[in-house]
Amino acid sequence: MPSGGRLAVLSLGALGIVYGDIGTSPLYALRECFTGHSPLPPTPANILGILSLVFWSLIIVISIKYLVFVMRADHAGEGGILALMSLAAGPAKRRRVRAAEPVLVAMGLFGAALLYGDGMITPAISVLSAIEGLEIGHPGLAHFVVPITIVVLILFFMVQQRGTGGIGAVFGPIMLIWFCTIGILGARGILKNPRVLESLNPMHAFRFMSDNGWRGFLTLGAVFLVVTGGEALYADMGHFGVRPIRICWFVAVLPALLLNYLGQGALLMVHPESTANPFYLLAPAWSLTPLIALSTIATVIASQAVVSGAFSLTRQAVQLGYLPRVHIEHTSTTELGQIYLPTVNKVLMFATIALVLGFRTSSNLAAAYGIAVTATMVITTVLLYFVARRCWHWRRLPTLALTVPFVIIDLGFFGANAVKIPHGGWFALAVALLVFTLMTTWHRGRKLLNLRVGRATPPIGRFLADVKARPPHRVAGTAVFLTRLPSVTPVALIRNLEHNKVLHESVILLTIDTEEVPRVDEKHRATVEPVGPGIQRVIARYGFMEEPNVPALLRDLETSGQLQPASDAISYFLSQETVLPTRLPGMALWRERLFARMQRNARSATLFFQLPPNRVVEFGTQIEM
């Protein structure tokens, strides 16, 4: 348990990184309930009913579901939907659970794919909603809202390569100022009309749904905007820990959000015409310009959390074998979690700018927002059921009693957002479907490729027997052959012996395995086994939050005495497979072609495993799929 000072630092950091998205929802959430896709007149009954829905959504979905239960499902201290998937679909003894594993994996992957759509929409709607404040104080600048938003987004994505180390130090204090500000604005509004406090009674929510019927149900699509960003609490659990995140929510974030939403409601009850932008109209006229500046900074911070999450998610997917190797830059020498992925950053930037140009206003973007997050929340609840059964050993009835109400609420929000699909919600689903197709194609393709390679090359036992029967000429030095299949002779080893007619005095057959855990303890990092004269097999294990460094691994094994000391002249031999799509059984031809293209564009193993380029020898081979 962290000390008091350490806890305060972690809590402040969590305030800046974790709560940016949900913390900037007051900019647009309540407004959309009265002006969005299914607008309702701002009558006192409707205002109290919607505020009641907002209050109980924050309590049930965030306070209870995520902070009390979902965050119990830590995978060696890490969170996120891929970690939850690993827990739910990990090794199981019961036949029924084993049969459900492919479905759970598919659900987890699709949930992860949905977060990419969210990562594109969040910066667009957040920054755009902040800049739209110019229309309130300076109506003549309304036509500059979209250009200014695009400039802010371009600058935001350009600075990603510099890392968030220096900027991150001020994220927490700025968000603390933000939450204090919106809380004070809300309290100021409540004092003018304390009647809004009646909305804390859940009967107003039930009465609202009963009186408005279908229109009331559709309003849930806008109400859901108040809890978007809740999944970040679980995803960032490994960075800050459970306790700091919970402290931030109950001490600062939840009170500030409730005060602001209630304050906006109080304003609407007195001035129903304020539905155009109740957040900014809640502030005094003199404070509008600094509030716009603060809102812009807060939305940039919110966007930073989402983009950093996309970087981290991509790295996890690569390590777990669901995406090809990509270029990863570390932007900090001390914080391993601070990474920059140029390809992902570029895709997110162009997609976000296209969204701003296509939808033009945050109200239009709100129609595209929500469907991805609601679907992810449904998947999270389903996976939570299996985690409770398998990892917490709960009985079926208590587990159902917990998860069924959550599923009903999640499905209600999902259904209300589903009607937005023709109006923009299709975008997030299209992105998710594309990413899901890429993930499953790559994972399936790698399995087929390993199968084809395994059939085309002899077992290592047969190769060693041939070497013993007909010893080749041994040359000085150490050769490291990277292979995915420890039981099969590396293709590069066979090609080297065929072409060069020699074998090094010291040969290391190295296999890198990624375990379905965030990190592997150093004492379990690698196993070393002699398999022949001067030939050793090394199997190294890494977690999906780690990145392998082969030279460092070999040095550590030598230092610990597990590996025979190698000469300085270490050569690394790799096999570069060229995939030839065919109509052989395995995958559809279009997926084989897609896999072949992904294979060609994957980052080289030399860079990914941090090998010295001048010591690497590659042998090419063609494999028919």
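Computed from a predicted model, the values in this text were never measured in an experiment.

Is there a simple way to think about the overall build of the protein chain in this case?
From N to C terminus, the protein chain includes 25 helices and eight strands. The C-alpha radius of gyration of the protein chain comes to 27 Å, within 12% of the 25 Å expected for a compact globule of 625 residues. A principal-axis box enclosing the C-alpha atoms of the protein chain has dimensions of 95 × 55 × 50 Å. Taking all 625 residues of the protein chain together, the buried fraction comes to 57%. Sequence separation of at least 24 residues holds for 82% of the intrachain contacts in the protein chain that already meet a minimum separation of 6. In the structure as shown, the protein chain presents an accessible area of about 26000 Å², 63% of it carried by carbon and sulfur atoms. Charged side chains in the protein chain number 51 positive and 34 negative. The centres of these two groups are separated by 6 Å.

What is the right way to read helix α21 (residues 460-469) from this model?
An α-helical segment advances 3.6 residues per turn. Residues three or four places apart therefore align on the same side. Of the residues making up α21, those classed as buried are I460, F463, L464 and V467. Looking straight down α21, one finds its buried side chains confined to an arc of 95 degrees; they lie on one side. Those residues of α21 that are exposed and aimed more than 90 degrees away from the buried face are R462 and A469. Buried positions along α21 lie against α22 (491-500), β4 (502-514), β5 (526-532) and β6 (535-542).

Any chance you could explain the confidence of the model for the protein chain here in plain terms?
When pLDDT drops low, the exact placement of atoms in the prediction is not to be read closely. Confidence in the prediction of the protein chain, expressed as mean pLDDT, is 87, and 95% of residues score 70 or more. When mean pLDDT is taken per element in the protein chain, helix α4 (residues 44-69) scores highest with 96 and helix α12 (residues 237-240) scores lowest with 74. Counting contacts from residues 92-97, a segment whose pLDDT is below 50, to residues more than four positions away or on other chains yields eight contacts.

Even after reading the chapter, I still don't get a nonpolar patch on the surface, so can you show me in this structure?
A surface patch of nonpolar side chains, amounting to about 350 Å² of accessible area, comprises V151, L155, M158 and V159. With a relative accessible area of 48%, M158 lands in the partly exposed category.

So what exactly am I meant to see when it comes to the pairing of β6 here?
Put simply, side chains in a regular strand alternate between the two faces of the sheet. With seven of eight residues buried, β6 is to be regarded as a mostly interior element. Bridge count between β4 and β6: eight bridges; the pairing is parallel. Across the sheet, the residue bridging to D513 is R541, located in β6. Both β5 and β6 contribute to a ladder of six bridges, which runs antiparallel. Bridge pairing links P530 to Q536 in β6. Where β5 hands over to β6, the hairpin turn is made up of two residues, of which G534 adopts a positive phi near 70 degrees.

I would appreciate a short explanation of the side chain of E231 in the present structure.
Inspection of the secondary structure puts E231 in helix α11 (residues 231-235). Sequence-distant contacts of E231, defined by excluding residues within four places in its chain, comprise Y66, L115, D118, V373 and M377.

How do you make sense of the nonpolar core when you look at a structure like this?
Considering soluble globular proteins, one finds that nonpolar side chains tend to be buried as a cluster. In this structure, Y19, L58, F179, W249 and L510 are the most contacted members of the largest nonpolar core, which totals 179 residues. If one sorts the elements of this core by residue count, helix α13 (residues 242-270) sits on top with 15 residues. The residues contacting Y19, other than those within four sequence positions of it, are A14, L67, M175, F179, L233, I245, C248, W249 and V253. With 15 residues, the next largest nonpolar core counts V467, F481, V531 and F619 among its residues.

The rules behind the values
- Counting from 1, residues in each chain are numbered in the order their sequence is written.
- With the structure being a predicted model, the display of local features is reserved for residues of pLDDT at least 70 and the display and counting of side-chain atom pairs for 80 or more, all residues being used for whole-chain, interface and lining totals.
- Heavy atoms from the whole structure form the basis of all side-chain values; hydrogens and water molecules are not counted.
- Helix and strand definitions here come from DSSP, where helices need a minimum of 4 consecutive H or I residues and strands a minimum of 2 consecutive E residues; each element is numbered from the N-terminal end.
- Here the radius of gyration uses the C-alpha set of atoms, whereas the globule reference equals 2.2 Å times the residue count to the power 0.38.
- Buried residues are those whose accessible area, probed at 1.4 Å on protein chains only, stays under 20% of the maximum for their type, while exposed residues exceed 50% and partly exposed ones sit between those limits.
- Every residue pair with non-hydrogen atoms within 4.5 Å of one another is taken to be in contact.
- Residue burial considers only the protein chains on display, and all accessible areas are found by Shrake-Rupley using a 1.4 Å probe.
- Two residue types count as positive, namely Lys and Arg, and two as negative, namely Asp and Glu; His and chain ends fall outside the count.
- One atom stands in for each charge, and that atom is NZ of Lys, CZ of Arg, CG of Asp or CD of Glu.
- Throughout, the arc means the angular range of directions from the helix axis out to the C-beta atoms.
- Per-residue confidence from the predictor is given as pLDDT, running between 0 and 100.
- Patches were defined on residues exceeding 30% relative accessible area and lacking a salt bridge, with like-charge contacts within 9 Å and nonpolar side-chain contacts (Val, Leu, Ile, Met, Phe, Trp, Tyr) within 5 Å.
- Any Lys or Arg side-chain nitrogen located within 4 Å of an Asp or Glu carboxyl oxygen qualifies as a salt bridge.
- Between any two strands, at least two bridges found by DSSP are needed for them to pair.
- Buried residues of nine kinds, namely Ala, Val, Leu, Ile, Met, Phe, Trp, Tyr and Cys, make up a nonpolar core once their side-chain atoms join them within 4.5 Å.

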